[in-house]
Every structure is written in structure tokens, then in C-alpha cells.
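Commentary on secondary and tertiary structure
Chain by chain, the residues:
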Amino acid sequence: NAGVTQTPKFRVLKTGQSMTLLCAQDMNHEYMYWYRQDPGMGLRLIHYSVGEGTTAKGEVPDGYNVSRLKKQNFLLGLESAAPSQTSVYFCASSYSIARSRAYEQYFGPGTRLTVT
Amino acid sequence: KQEVTQIPAALSVPEGENLVLNCSFTDSAIYNLQWFRQDPGKGLTSLLLIQSSQREQTSGRLNASLDKSSGRSTLYIAASQPGDSATYLCAVPPSGNTGKLIFGQGTTLQVKP
């Protein structure tokens with residue numbers, strides 16, 4: 001099992017450019033998430049998905065869009081990149097533990113994005 | 001609103017010492033608490049998950065406990081090693097919600113040989 005993978009690992013964008021970050025998981029998890037991690041701010045949820053074809057906003061959704069056309073993939077898009085979006089982006093997926101309402105999350109290795 | 005606090009923010013200990021990392025949360029109506037490890041420049045690795053019905057979980061030299069009523073969890077690391085040096089994060093679901101997680105700022109641990 002590869003677990004959660006993210007593409008690309010690094011990217012440099014100019015202000016105003018667009019890009020898509022790809023997250024893939026091979027664990028058949030229903031839930032998937034996109035976070036950003038910034039010094040002093042910790043991990044913050046951007047968007048998440050509770051299943052194929054569904055998405056929802058997290059704590060810091062502005063400037064980002066997402067899509068979950070296939071259960072195993074979760075895409076994060078930046079339509080017009082801004083320097084404030086310079087960050088490390090993490091994707092995660094989770095499953096619900098049988099006979100409980102607990103969920104365990106697994107993370108990808110991250111994408112380091114710099115917007116100049 | 002759920003808030004998670006981790007104390008201390010940083011810790012430096014000599015190799016072999018037993019140590020405790022603390023995590024507190026404001027809303028005790030949680031279904032689970034998860035501890036993660038993050039090495040510099042890497043993603044988060046899940047260490048332990050404690051369900052609300054459990055008081056503790058153990059994995060090797062790691063033991064995590066959960067006291068829902070007081071809104072606290074501790075991560076105990078026995079016989080620390082330089083390879084344990086990393087940032088440790090705890091996370092709990094937000095108030096009234098499952099699936100999502102709210103993270104603490106983490107404790108950065110340095111174990112000196």
C-alpha cells in the first residue's frame with residue numbers, strides 16, 4: 001500500500017498563476033482532507049470531502065477549490081495564486097473505526113508551494 | 001469552539017530519560033484523540049489513536065492516556081532516544097463533529113545523545 005500520495009512535492013508559482021495539487025489514497029477511505037501548515041499557525045483545514053462527489057469548506061477555504069470525482073482522488077486548485085498561499089499543503093484521508101464514531105487520519109508527505 | 005493546547009512548546013532532554021508531553025482540549029465531547037509525529041520537512045505519521053471509550057493506548061515505548069472529563073491527554077515516551085527527536089502533535093475532533101480534526105501547535109522534542 002502506498003497510503004496517501006501527493007503530487008507534486010515542490011512547486012514555485014508566480015502571482016496570478018494557477019495550479020492543481022493531486023492527492024491519491026489506496027486505502028478505500030471515505031473521508032479526505034486538504035490542510036495547510038504555516039509557521040506559528042499550525043495545521044488548518046482548507047476543504048474536505050465525506051465521499052465521492054461531495055466537498056465542504058474547512059477553516060480557510062478562500063482562494064481554493066476542490067473536486068472529488070473519484071473516491072481515491074482529491075484535487076486542490078488554486079485559480080489565481082497569491083503570495084499568502086505560500087505554504088506546505090498536506091492531504092489526509094480517514095476511515096471510521098468499526099462500531100464507533102472515531103475516525104483515524106493518515107497523512108501524505110506534503111507539497112511545498114512558493115508563490116512569488 | 002474546540003481549542004487544543006500543547007505544553008511545553010519545546011523540550012530538550014538527555015537520551016534515556018522518560019518524558020511526558022501534554023495536550024489539553026476545551027470541549028470534552030470527543031469521540032477520539034490522535035497523536036502524530038512530524039519530522040522536519042515531512043508529513044505527519046500517526047502514532048496512537050485513543051477512542052473515547054478507552055483510557056489509554058500503547059505502542060512500543062509510547063503510551064498515550066486520555067481523561068475526557070478533564071480535557072487532557074498525555075503522551076509518555078519511555079527511555080527516549082535521539083531518533084525520537086521530532087514534533088509531536090495531538091488532535092481532536094471539533095465540537096459536535098466527527099471525521100475532522102483540530103490540531104495543537106505541537107511540542108518539539110530534542111533528545112540529546
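These lines cover the structure that appears in this document, whether it is placed above or below.

The rules behind these values
Residues numbered from 1 in each chain as written. Chains lettered and ligands numbered in written order. Predicted model: local features only at pLDDT ≥ 70, side-chain atom pairs only at ≥ 80, totals over all residues. Heavy atoms only, no water. Helix = DSSP H or I, 4+ residues; strand = E, 2+ residues; numbered from the N terminus. Rg over C-alpha atoms; globule rule 2.2 N^0.38 Å. Contact = heavy atoms within 4.5 Å. Buried area = accessible area lost by both parts, 1.4 Å probe. Salt bridge = Lys/Arg side-chain N within 4 Å of Asp/Glu carboxyl O. Polar contact = N/O pair within 3.5 Å; in protein donor to acceptor, adjacent residues only side chain to side chain. Nonpolar A, V, L, I, M, F, W, Y, C, P; charged D, E, K, R; others polar.

1. Some thoughts on the overall build of chain B
Helices and strands together make up the secondary structure of chain B, namely zero helices and 11 strands. Its helices and strands taken in sequence order, chain B reads β-β-β-β-β-β-β-β-β-β-β from the N to the C terminus. Compactness check: chain B gives a C-alpha radius of gyration of 13 Å against a globular reference of 13 Å for 113 residues, within 12% of the reference. Once the C-alpha set of chain B is aligned to its principal axes, its extents read approximately 45 × 25 × 20 Å.

2. Things to note about the interface of chain B and chain A
Counting residues at the interface gives 18 residues for chain B and 23 residues for chain A. Summed over both partners, the interface of chain B with chain A comes to about 1700 Å²; 55% of that surface belongs to carbon and sulfur atoms. Three residues stand out in chain B for area buried against chain A, namely B:Leu44, B:Gly99 and B:Lys100, and they jointly supply 26% of the buried area on that side. Our count for the contact surface shared by chain B and chain A stands at zero salt bridges. Counting every contact that joins chain B to chain A gives six residue pairs in polar contact (both at pLDDT 80 or more). Within the residue set of the side of chain B that touches chain A, elements represented by two or more residues are β4 (32–38) and β5 (44–51) of chain B. Across the side of chain B that touches chain A, the residue classes tally to six nonpolar, 10 polar and two charged.

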